[in-house]
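Next come the chains, spelled out residue by residue.
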Amino acid sequence: MKPIILLIASLFAGCASMNAADKNLPENVGLSAPDTFGKRYVKTIDFTLQGERQEPVPKCVALVVSNDDFATSDDSRSFVGQATGNYYHINQQKTQEGGDVLQYADEREAVANGRLTFKYSSMGIPSEDALSFRLSVEADGDAVTYQYTKIQRASGYTGALKNAGFRPMGAWPSAKPMPAYDAVKRLTDDLHRCVTGSR
């Protein structure tokens, strides 16, 4: 009985190690508590950047942030016919609808729903994903804060796996969180250049 317990323990330890958060994620990324398998998810991304506000925050959010539809697809219903041996390709497509961007606004503050898309490569295969988020921007004196919450990620194409659309964003290395973070950083930099009048 003891060897079985040790085996199970080692399997769980291996899963936890594989699913640990990507060490490249910076400290401004807030993570969930580990689940049963040690997986953690990106909950928040926060930036505080120096610079005085020169433009109304809502104006810049409206100019820079979008919340467009995103198309997802998969081939999960494709099959090989038993009688013919032929492969029947069935591509399923679905539109993940966007919506309004600005949810609240005044001269120095805004709350928005947004989406962005980004491309990256996984095992040499090019992919395009989308990130959805709630963004709060506040200009206060000589600094501007940008907080991203309600972060979810969707893959454009998942091949033979069913495409589940937007889901919580994984923080473990094989979930490829860094390309998503880099895309958020680029968006934040564009916003900050607008808010501070440096674009």
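Worth saying up front: this structure is predicted, and the values here are computed from it rather than measured.

Enquirer: Help me out: how do you make sense of the pairing of strand β3 (residues 70–74) in this one?
Expert: In the case of a regular strand, side chains alternate between the two sheet surfaces. For β3, a buried count of four out of five residues is recorded, marking the element as mostly surrounded by other parts of the structure. As paired strands, β3 and strand β6 (residues 92–96) are joined by five bridges and run antiparallel to one another. Among the inter-strand pairings, D74 is bridged to a residue of β6, identified as Q92.

Enquirer: Which parts of the structure should I look at to understand the environment of V61?
Expert: By the element assignment, V61 lies in helix α2 (residues 57–64). Each C-alpha atom of the pair V61 and P126 lies 29 Å from the other, and the pair is 65 residues apart in sequence. Excluding residues that lie within four positions of it along the chain, V61 makes contacts with V101, L102, A110, A112, V137 and L191.

Enquirer: Would you mind showing me how to read a nonpolar patch on the surface here?
Expert: Taken together, the side chains of F79, Y88 and I90 define a hydrophobic patch exposed on the protein surface, amounting to about 250 Å² of accessible area. Relative to the helices and strands, Y88 is located in strand β5 (residues 87–88). Judged by relative accessible area, Y88 falls into the partly exposed class, the value being 34%.

Enquirer: Would you mind showing me how to read the environment of Y104 here?
Expert: For Y104, the location among the structural elements is in strand β7 (residues 102–106). Judged by relative accessible area, which is 41%, Y104 ranks as partly exposed. Separated by 46 residues in the primary sequence, Y104 and P58 place their C-alpha atoms 8.4 Å from one another. Beyond its immediate stretch of four places on either side in the chain, Y104 contacts E109, A110 and V111. Here D106 takes part through its side chain, which lies 3.1 Å from a polar atom of the side chain of Y104.

What counts, and at which threshold
- Residues numbered from 1 in each chain as written.
- Predicted model: local features only at pLDDT ≥ 70, side-chain atom pairs only at ≥ 80, totals over all residues.
- Heavy atoms only, no water.
- Buried < 20%, exposed > 50% of the residue type's maximum accessible area, 1.4 Å probe, protein only.
- Helix = DSSP H or I, 4+ residues; strand = E, 2+ residues; numbered from the N terminus.
- Pairing = 2+ DSSP bridges.
- Contact = heavy atoms within 4.5 Å.
- Patch = residues over 30% accessible without salt bridge, like charges linked within 9 Å, V, L, I, M, F, W, Y side chains within 5 Å.
- Areas by Shrake-Rupley, 256 points an atom, 1.4 Å probe, with all protein chains shown as cover.
- Salt bridge = Lys/Arg side-chain N within 4 Å of Asp/Glu carboxyl O.
- Polar contact = N/O pair within 3.5 Å; in protein donor to acceptor, adjacent residues only side chain to side chain.

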